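# Breakdown of the fold
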Amino acid sequence: MIYKIYKLLLNHYGYQNWWPAESRYEVVVGVILTQNTSWKNVEKAIKNLKAKNLLDEEKILNISMNELKELIKPAGFYNIKSERLKEITSFIVNNYGSTENMYLSKEPMKVLREKLLNVKGIGKESADSILLYALDRPSFVVDTYTKRLFNRLGILNSEDYEYIKRIFEENIPKDLKVYKEYHALIVEHCKTVCKKKPKCNKCFLKDICLFRF
DNA sequence: ATCCGGACTG
DNA sequence: CAGTCCGGAT
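Reading guide: rules and limits
- Residues numbered from 1 in each chain as written.
- Chains lettered and ligands numbered in written order.
- Predicted model: local features only at pLDDT ≥ 70, side-chain atom pairs only at ≥ 80, totals over all residues.
- Heavy atoms only, no water.
- UniProt positions renumbered as here; feature names shortened; annotations may be inferred.
- Helix = DSSP H or I, 4+ residues; strand = E, 2+ residues; numbered from the N terminus.
- Buried < 20%, exposed > 50% of the residue type's maximum accessible area, 1.4 Å probe, protein only.
- Polar contact = N/O pair within 3.5 Å; in protein donor to acceptor, adjacent residues only side chain to side chain.
- Contact = heavy atoms within 4.5 Å.
- Near = heavy atom within 4 Å.
- Domains from an automatic or database assignment.
- Buried area = accessible area lost by both parts, 1.4 Å probe.
- Salt bridge = Lys/Arg side-chain N within 4 Å of Asp/Glu carboxyl O.
- Axes fitted to C-alpha atoms, helices over the stretch in contact; angles between N-to-C directions.
- Parallel < 35°, antiparallel > 145°, perpendicular 65-115°, else oblique.
- Left-handed = near helix turned anticlockwise from the far one by under 90°.
- Nonpolar A, V, L, I, M, F, W, Y, C, P; charged D, E, K, R; others polar.
- pLDDT = per-residue confidence, 0-100.

Going by what an unreviewed UniProt entry lists, chain A is known as Endonuclease III and is assigned to Methanocaldococcus villosus KIN24-T80. In its Cofactor (unreviewed entry) section, the UniProt entry covering chain A states "[4Fe-4S] cluster".

Rendered as structure tokens:
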């Protein structure tokens, strides 16, 4: 059933080609900036950084906190996000030199995940997003949307992150492309249809959903 | 005036 | 589990 929903979403929305970024580090920055924030505003912040050619680990570490806050302001939560950006960036630089080198690391995914989770400001969703979209490791990303959609459909009855992650990983092919697309498709569907206040009348899944009005 | 985003910390 | 972080949308 889990895999069937993937095929239905893919057939309906088409490939999303996530994550939109020009470098692995840009994905990391995007992951932090998009916490509790719509992507539209994150794009403005990324654009600011790119305009000053600052989308680089060393440069982010070297600019002042105030300058960083100013640049990422459009993404909101700039006080905490500026700190989190410095945190994850210095973790990467101190342990791997760069995001590209971290990607090349031979460490098992589980080890990489534990290390990411130990960085202040990186929770499960951010860790998995970095693993999947920045480091090309097959770690399924679970978010509020995933929980909402599948609990509404009646396929899941849980809010437990690790449990849901496991269910997905056990029921879809261990294929990077599938992992990346599936999460992206869930986001697309939930942001347009299966919203907090759902638009069930416009939902192409209403016939198989237990939540339909 | 309140809600809500591609959540995290204690 | 609640408290917290910002700005735009409702």
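Glancing now at the side chain of Lys180. Positionally, Lys180 belongs in helix 12 (residues 176-192). Overall, the relative accessible area of 18% leaves Lys180 in the buried class. At a separation of 2.6 Å, a polar atom in the side chain of Lys180 contacts the side chain of Asp136. When residues no more than four places from it in sequence are discounted, the contact partners of Lys180 are Trp18, Leu132, Tyr133 and Asp136.

This part is about the protein's contact with DNA strand C. Surrounding DNA strand C, one finds Lys40, Phe77, Tyr78 and Asn79. Note that a sugar or linking oxygen of DNA strand C is positioned 3.0 Å from one of the backbone N or O atoms of Phe77.

Before going further, it helps to examine the domain arrangement of chain A. As far as domains go, chain A holds domain 1 (2-16 + 140-208) and domain 2 (24-134). Both sides together, the interface formed by domain 1 and domain 2 hides about 890 Å², and carbon and sulfur atoms give 60% of it. Among the residues of domain 1 in contact with domain 2, Val141, Tyr161 and Lys180 are the three that bury the most area, contributing 48% of the side total. Linking domain 1 with domain 2 are three salt bridges. Of the charged contacts, one joins Glu162 and Lys124 as a salt bridge, the two residues approaching to 3.4 Å between their closest N and O atoms.

Moving on to the pattern of salt bridges. In total, this model carries 13 salt bridges according to the counting rule given. The partner of Glu26 in a salt bridge is Lys50, and the shortest N-O contact between them spans 3.3 Å. Residue Glu26 is found in helix 2 (residues 24-33), and its partner Lys50 is found in helix 3 (residues 39-51); the two are separated by 24 residues along the sequence. A network of salt bridges, in which partner residues are shared, links Arg113, Lys124, Asp128, Glu162, Lys165 and Glu169.

With that settled, consider the packing of helix 8 (residues 109-117) against helix 9 (residues 124-134). Packing of helix 8 against helix 9 leaves a shortest axis separation of 9 Å and a crossing angle of 135 degrees. The angle between helix 8 and helix 9 places the two elements in the oblique class. Our pair here, helix 8 against helix 9, has a crossing hand that is right-handed. Contacts between helix 8 and helix 9 involve Met109, Leu112, Arg113, Leu116 and Leu117 from the first element and Lys124, Ala127, Asp128, Ile130 and Leu131 from the second. A breakdown of the residues in the contact of helix 8 with helix 9 according to their chemical character gives seven nonpolar, no polar and three charged.

Mean pLDDT over chain A: 96, with 100% of residues reaching 70 or higher. When pLDDT is averaged over each element of chain A, helix 7 (residues 99-104) comes out on top at 98 and helix 3 at the bottom at 94.

Close to DNA strand B lie 24 residues; Trp19, Ser38, Gly121, Ser126 and Tyr145 are nearest. The protein-proximal atoms of DNA strand B, defined as those within 4 Å of the protein, are 62% sugar or phosphate. With respect to DNA strand B, the side chain of Glu125 contributes an N or O atom lying 3.5 Å from a sugar or linking oxygen. Counting residues per element, the ones that place at least two in the surface near DNA strand B are helix 9, helix 10 (144-153) and helix 12. Each residue belonging to the surface near DNA strand B can be placed in one class, and the counts come to eight nonpolar, nine polar and seven charged.

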